[in-house]
Amino acid sequence: MIIKQAEFQTSSSKISQCPPPNRAEFAFIGRSNVGKSSLINMLTNRKSLAKTSSTPGKTQLINHFIINNDWYLVDLPGYGYAKVSKSEREKWQKMINNYLLHRESLLTVFVLVDSRHEPQKIDLEFINFLGENAVPMQIILTKTDKQSKGKTVENLQLLRNTLLENWEECPNILLSSAQNGEGKEEILREIESIINQYWNNEQ
């Protein structure tokens, strides 16, 4: 897949404000500061489509971007640390959960995990939440350029082994770097394949 067009569509604070569910949707989510905005900009060939920030918790709404006038890329608020009140975090959590569990046009959630760290409790809890609720998902390990390939492979295997303690089959895990473009083709190929398999055949 080649992304020729990527435009911001709308921001929503609840699922009822989201665009009509008439296009395939792929959501990106991860712990605060995992490199989500940078990855989205890399995938779409745009330097500032998604706003990047060194401050965790910058994304606070459900952001829809229309891609090639064909499908939606959805930027979700990060989970975990953010300099906001507990009530505000709880409001985000409710908004995210409603979207993830009830958005009928959502085909896959890409969960971003920092490749430099061993499996984090908050990431595992979120991944298991998706699994328990049968939400289709894949994992993207980010920032692979920040360390050796050997260290990335080591953490990848550790994550896979940890997940297999609870999962019969490990979710698909992709490697990525917003800096050098690693994973771009693989992620877009996954999206194209899922659209062809689960969306175009049903329309």
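None of these values were measured; they are calculated from a predicted model.

## Thoughts on the sheet that holds strand S2 (residues 25-30)
Two orientations exist for strands paired in a sheet by backbone hydrogen bonds: parallel and antiparallel. Strand order in the open sheet formed by seven strands is S1-S3-S4-S2-S5-S6-S7, with mixed pairing between adjacent strands. Only two strands of the sheet have a single neighbouring strand rather than two, namely strand S1 (6-12) and strand S7 (173-175). Direction aside, neighbouring strands of the sheet carry axes that sit 25° apart on average. One ladder, built from four bridges, connects S2 with strand S4 (residues 71-75); its direction is parallel. Across the sheet, the residue bridging to phenylalanine 26 is leucine 73, located in S4. On top of the sheet, helix H3 (residues 121-132) reaches S2, strand S5 (106-114) and strand S6 (137-142); it is set at about 165° to S5, its chief contact. Most of the contacts of helix H4 (residues 149-163) go to S7, to which it runs at about 165°, and overall it touches S6 and S7.

## A short note on the pairing of S6
Counting buried residues along S6, six of its six residues qualify, which places the element largely inside the surrounding structure. Side chains of S6 alternate between two faces, with Met137, Ile139 and Leu141 and Gln138, Ile140 and Thr142 buried alike. Where the polypeptide runs from S5 across H3 and back to S6, its parallel neighbour, the crossover connection is right-handed. Direction of pairing for S6 relative to S7: parallel, over a ladder of three bridges. Note on S7: the bridge partner recorded for leucine 141 is leucine 175. Regarding topology, H4 serves as the crossover connection from S6 to the parallel S7, and that connection is right-handed.

## Brief notes about helix H1 (residues 36-44)
Across the nine residues that make up H1, a large majority, eight, are buried. Among the residues making up H1, those that are buried are Lys36, Ser37, Leu39, Ile40, Asn41, Met42, Leu43 and Thr44. One or two steps after H1, the chain reaches asparagine 45, where phi turns positive at roughly 60°.

## Describing the packing of H3 against H4
Packed helix pairs are characterised by how far apart their axes lie and by the angle those axes make with each other. One can describe the packing of H3 onto H4 by two numbers: an axis separation of 12 Å at closest approach and a directional angle of 50°. Our classification of the angle between H3 and H4 gives oblique. Relative to H4, H3 is oriented so that their crossing is right-handed. Each of Leu124, Ile127 and Asn128 in H3 lies in contact with H4, whose residues at this interface are Leu159, Thr162 and Leu163. In terms of residue class, the contact of H3 with H4 is built from four nonpolar, two polar and no charged.

## Digging into the nonpolar core
Grouped together as the largest cluster of nonpolar side chains are 30 residues, with contacts concentrated most on Tyr99, Leu100, Val109, Val111 and Ile139. Secondary structure elements with two or more residues in this core: S2, strand S3 (62-67), S4, helix H2 (86-102), S5, H3, S6 and H4. Contacts of tyrosine 99, omitting those with residues within four sequence positions, involve Ile15, Cys18, Glu25, Ala27, Ile62, His64, Val74, Leu76 and Leu106. Among the nonpolar cores identified, the runner-up in size contains 27 residues, and Val34, Trp71, Leu188 and Ile195 belong to it.

What counts and what doesn't
- Residues numbered from 1 in each chain as written.
- Predicted model: local features only at pLDDT ≥ 70, side-chain atom pairs only at ≥ 80, totals over all residues.
- Heavy atoms only, no water.
- Pairing = 2+ DSSP bridges.
- Helix = DSSP H or I, 4+ residues; strand = E, 2+ residues; numbered from the N terminus.
- Axes fitted to C-alpha atoms, helices over the stretch in contact; angles between N-to-C directions.
- Contact = heavy atoms within 4.5 Å.
- Buried < 20%, exposed > 50% of the residue type's maximum accessible area, 1.4 Å probe, protein only.
- Right-handed = clockwise from strand over helix to strand, strands pointing away.
- Parallel < 35°, antiparallel > 145°, perpendicular 65-115°, else oblique.
- Left-handed = near helix turned anticlockwise from the far one by under 90°.
- Nonpolar A, V, L, I, M, F, W, Y, C, P; charged D, E, K, R; others polar.
- Core = buried A, V, L, I, M, F, W, Y, C linked by side-chain atoms within 4.5 Å.

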